[in-house]
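Chains, contacts and geometry: an overview
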Amino acid sequence: MSTAPASRPTRRAAGLGTSVFAEMTELAVRTGAINLGQGFPEDDGPREVLAAAQHALAHGSNQYPPLNGTRPLREAIVRQRLRRHGTRYDPETGVVVTSGATEAVTAAVLGLCAAGDEVLVFDPAYDSYPAAAQLAGARCRRVPLRPGPQGFGYDPDALRAAVTPACRMLLLNTPHNPTGKVFTTDELADIAEVCVRHDLVAVVDEVYEYLVHDGRRHHALAAFEGMADRTLTVSSAGKSYSLTGWKVGWACGPADLVTAVRAVKQYTTYATAAPLQDAVALALDRYEPWTAGLRAVLRSNRDALADCLRAAGTTVLPAEGGYFLQADVAGTDTPDALEYCRALALRARVVAIPTQVFAQRPDPYGSLVRFAFCKSPRTIAEAVARLEGHV
Ligand SMILES: *Cc1c(COP(=O)(O)O)cnc(C)c1O
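Another aspect to go through is the site of the ligand. Taken together, 13 residues are adjacent to the ligand, and Thr102, Asp205, Tyr208, Lys239 and Lys247 come closest. With respect to the ligand, the side chain of Asp205 contributes an N or O atom lying 2.6 Å from a nitrogen atom. Here an oxygen atom of the ligand and a side-chain polar atom of Ser236 are 2.7 Å apart. Here the ligand has 390 Å² of accessible area as a free molecule, and 93% of this is covered by the chains. Here the ligand is seated within the largest pocket. The element that contributes the greatest number of residues to the shell around the ligand is helix H4 (residues 100–112), accounting for 3 residues.

So, in structure tokens, the structure goes:
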């Protein structure tokens, strides 16, 4: 079959349409496997929040909301940031509601990076980051997080070595997907120093801000010295409130950075689903305590899966925050993570993702496998039973 020239993707879009996720999801469907590759929960968020969205839908909240989001949601976001991090935002000029955190990050990169600019990103990285850079004609400079028994190590020299005069932005994710790392205050203070010294804009993806385990704390880079006027903080209701299908996110920051996001949003989505916005405002104002229950389930799922993977001969790295744990399969008889994942799908009917797909190149992540533990306890128990029987 021939392809008409006009239907081929441009260089900006080339290669963005395919991923190992598609292969693994297809494998999960074909083998009837439990899919611990994709990170979305099975149980929905707070019932009262779902009811608030239904109410809004039934009572006339169905036309275009303002581009930057409904006033109640913007005010709830401002209250949440002040309460948790002491950071202050103007609800008119300092907040924009987006169609998920993904839109906020992509719009920030498109709105703030010119062709040829460079973006510092920790490796491995959430897959939308390099895609956003490519769409902007910008280049990612990857700073490796080194896997070890204590988790993924931050290397201050590696960050400094990666900075060039073309660097315009640092794109940080904490708590971090796919590693499960939660950046410490010392690490964030060091990152802040680099941003200030090199006059970088920081875009921080905090979608897992509530999902921090074992008494650790999530800290906002925007609250560090010199960062308030150069940081765009991005988050979303998806992960914290188990509402991933809603795609309601936001970005907060100084007016000039928020304006750049709004400029792109104006001509991509223009606005985000109206009836969901007041419900998300309710979640932020009243259902923060609900996230404690979610954390407890995640922790117990994580520990069950970790115990079973250790018994199977892998080394499990500390999962400090978020939805995912990392198992090192180097000590097993299938030390290549990609092969391990294919074999696991066929033998145990459990699908996971080789971590190297999030990295620029396999080394030093070639033997790491990412498992999602955000499923229901029943699904995790079934996955554990399958793994115990077949690994
Ligand atoms: C899941 C995830 C997102 C997606 O957030 P949406 O609000 O659904 O767009 C963004 N960033 C990271 C790191 C994620 O893991």
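Structurally, Lys239 is set in helix H8 (residues 237–240). Salt bridges are absent for the buried Lys239, whose nearest opposite-charge side chain, Asp205, sits at 7.3 Å. Within the structure, the side chain of Lys239 is placed 3.2 Å from the side chain of Tyr208, a separation counted as a polar contact. Apart from residues no more than four positions distant in its own chain, Lys239 is found in contact with Gly39, Val207, Tyr208, Leu211, Thr244, Leu294 and Tyr323.

Here we take up helix H12 (residues 337–347). For H12, the full list of buried residues reads Ala337, Tyr340, Cys341, Leu344 and Ala345. Projected down its long axis, H12 carries its buried residues within an arc of 130°, all on one side. Those residues of H12 that are buried lie in contact with helix H1 (20–31), strand S13 (350–351), strand S14 (353–354), strand S15 (368–372) and helix H13 (377–390). The backbone nitrogen of Leu338 has a side-chain oxygen 3.2 Å away, supplied by the residue at the start of H12, namely Asp336. Among the residues trailing H12, Arg349 stands out with phi positive, at a value near 55°.

Thresholds, definitions, all that
- Residues numbered from 1 in each chain as written.
- Predicted model: local features only at pLDDT ≥ 70, side-chain atom pairs only at ≥ 80, totals over all residues.
- Heavy atoms only, no water.
- Near = heavy atom within 4 Å.
- Polar contact = N/O pair within 3.5 Å; in protein donor to acceptor, adjacent residues only side chain to side chain.
- Areas by Shrake-Rupley, 256 points an atom, 1.4 Å probe, with all protein chains shown as cover.
- 1 Å grid on protein atoms, 1.4 Å probe; cavity = no way out; pocket = protein on both sides within 12 Å on 5 of 7 lines; lining within 4 Å.
- Sits in = over half its atoms within 2 Å of the grid points.
- Helix = DSSP H or I, 4+ residues; strand = E, 2+ residues; numbered from the N terminus.
- Buried < 20%, exposed > 50% of the residue type's maximum accessible area, 1.4 Å probe, protein only.
- Lys, Arg positive; Asp, Glu negative; His and termini not counted.
- Salt bridge = Lys/Arg side-chain N within 4 Å of Asp/Glu carboxyl O.
- Contact = heavy atoms within 4.5 Å.
- Arc of directions from axis to C-beta.

These values are about where atoms sit, not about what they do.
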